[in-house]
Amino acid sequence: MIERLTKPDVIAAARHRIAELFEAHAEWFYIADNKDSQALKRSELDISISHGKLILSYWTERGTRSWKIGGWSWSGEKLVLQASRRMGAERPVIELVPRASAIAIGNTVKAARQLRCDQLAQLACSVLPGGKIERAGLSPGIRRGQPGRYARILLRSKHQRIAVTGSVASGQVGETDVFLSSALLWFTRTSERVRAPYIQQLWLVVGNDSMKPLTQRIALLRESLREAILVYEIDQAWTELSPVSCPPREALWKKRLARFPRVAETLTSELAKAIIDEAPQAIDIVFARHGETLRYFGLPFARVRRMMDTERVWFGMEGSRRRLLDEKTKSEWDALLQTLGEHRSAAASDHRHALYRNAAEAWLESILRRDISKLDPGLIIAPLHAQFRTARGGRLGVRPIDLLALRQDGRLVVIELKVSEDREHVMQGADYWQRVEAHRRRGHISRARLFGEREVQDEPPLVYLVAPTLRVHPGFKTLARAIASDIEIYRFDINEDWRSGVRVMRRARAN
């Protein structure tokens, strides 16, 4: 349980205990919000009290970094610290794990997953008459030395080999694209390397909760690949595999879908207009049911709400306490705008600052929202729908589409943006295509007047996958070619310095 550091005596006791822990272990493994990680020696860590606040400092390759600690806990295996810096712009949860403990935990997880992998291999082998297990291992982890999440199994019979994969770690809602992308890349690479008898089938083993989205994705693959894939459902006790039939794509258009509500007219409030006027090239507005959200190059920083017939403004960055804008907080508001202008800018000097790095895809989206023709001159500039949801009410697990646009010829366009390597880029684009096409076939998009009086052409949408030239995942080409060719997918490579203005460096049909 996290202990809050609010009193001087509590802060002093926490500093003393944490210092003892640092002294007791020669090396620590540092993790911040499960993303940033590095190994630290005892001599590179320091805990101190400054101006009545507990301060954690440590050395990196780029120099010293310090955090204000607001809460802490020690479980016996890891030290958890609630940290903040830069006026609350960064608020990570830092985990410090003693090096020996980190290795032990990693080995324990790896052993447990390998045990499940062996169990899955035995189950799969029992389904294949006369088959034997040739190989059963784990996929590579996200970082070097970490155990992978998926089983990688090769079964061999007299005339063929079969590739089998399934998750051996606790899954999360919306991981279907991750799993299928990983499986297809592994299947393709392994098929190219193995000698006769060749790999002719890919078995995908999933639980009941992942069955529907997986079979829907498989319906979008090219025919030869669909024929090579078999899906098996595994029971909760991991004792039985049951074959599952994958429905044809035509079945996707038969399921019931709720209609879109008609697009309501939105009027920008006077307060929102005044805020936009302070930095018109940077600030845009997103309308919500209960008011307006102001974003600085895609980063939300203020909200306008109407309360008792009076419009009010609350401001503050994500993770920090919202403040009501009034005479008392005007100086804080001015400081926030100045900080955003300094650090969330293409001309910012510190590219490691949180305000520069955070919500990068939203930054790119905000640039394209102002003029989508920079991406394709054939696209109409407005209306353009950002973070468009095909499920009413923002149902959990249904991700919004980055941008839904219309071309001058009436063709719908699904646009998915990435600013870093992302293996799931292609599968996400294909999934969005299927959802938009399902609604288009039923006439929901036309009846909702998403694009005003413009006529939507009676053709499937196009898919534009956008990423900086050097940030396209190495497996992009393989995964794009796995999608059926009647789903038109285009790859857009943009300039690396897109914050200064988007330029398309290359456009090509991907599949």
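Residues numbered from 1 in each chain as written. Predicted model: local features only at pLDDT ≥ 70, side-chain atom pairs only at ≥ 80, totals over all residues. Heavy atoms only, no water.

K.L.:
Hey, could you run me through the pairing of strand β17 (residues 299-307) in this one?
P.N.:
As paired elements, strand β16 (residues 291-296) and β17 share five bridges and run antiparallel to each other. Across the sheet, residue Tyr296 finds its bridge partner in β17, namely Leu299. The antiparallel pairing of β16 with β17 creates a hairpin that spans two residues between the two strands, and Phe297 there sits at a positive phi of about 45°. As paired strands, β17 and strand β18 (residues 310-315) are joined by six bridges and run antiparallel to one another. Counterpart to Arg306 in the pairing with β18 is Glu311. Here β17 folds back onto β18 in antiparallel fashion, the turn holding two residues, of which Met308 has a positive phi close to 55°. (Pairing = 2+ DSSP bridges. Helix = DSSP H or I, 4+ residues; strand = E, 2+ residues; numbered from the N terminus.)

K.L.:
In this structure, what is going on with the sheet that holds strand β25 (residues 504-509)? I would like to understand it.
P.N.:
In sheet architecture, strand pairing relies on hydrogen bonds along the backbone and comes in two forms, parallel and antiparallel. As summarised here, the arrangement of the six strands in space is β20-β21-β22-β23-β24-β25, forming an open sheet in which the pairing is mixed. The open sheet has two edge strands, β20 (385-388) and β25, and neither has a second partner. In this sheet, adjacent strand axes meet at a mean angle of 25° when their direction is disregarded. Bridge analysis of strand β24 (residues 489-494) against β25 gives five bridges, and the strand direction is antiparallel. (Axes fitted to C-alpha atoms, helices over the stretch in contact; angles between N-to-C directions.)

K.L.:
For this particular structure, what's the right way to read the side chain of Ser139?
P.N.:
Within the secondary structure layout, Ser139 lies in strand β9 (residues 132-140). In this structure Ser139 comes out as buried when scored by relative accessible area, which is 7%. (Buried < 20%, exposed > 50% of the residue type's maximum accessible area, 1.4 Å probe, protein only.)

K.L.:
How should I be thinking about the packing of aromatic side chains in this particular structure?
P.N.:
Here a ring pair, both rings aromatic, is described through the centre-centre distance and the interplanar angle of the planes. In the structure shown here, the tally under the stated rule is 15 aromatic pairs. Arranged with centres 5.6 Å apart and planes meeting at 75°, the rings of Tyr356 and Trp363 form a pair that is edge-to-face. Assessed through its relative accessible area of 8%, Tyr356 is described here as buried. The exposure class assigned to Trp363 is buried, which follows from its relative accessible area of 0%. Judged by centre distance (6.1 Å) and plane angle (85°), the rings of Tyr464 and Tyr490 are edge-to-face. Separated by 26 residues along the polypeptide, Tyr464 in strand β23 (residues 462-468) and Tyr490 in strand β24 bring together distant segments of the chain. Assessed through its relative accessible area of 16%, Tyr490 is described here as buried. Through successive ring pairs, a cluster of aromatic residues spans Tyr296, Phe297, Phe301, Phe315, Trp333, Tyr356, Trp363 and Trp498. Note that Arg499 overlies the ring of Tyr356, its terminal NZ or CZ placed 4.3 Å from the centroid. (Phe/Tyr/Trp six-rings, centres within 6.5 Å; stacked < 30°, edge-to-face > 60°. Lys NZ or Arg CZ within 6 Å of the ring centre and 35° of its normal.)

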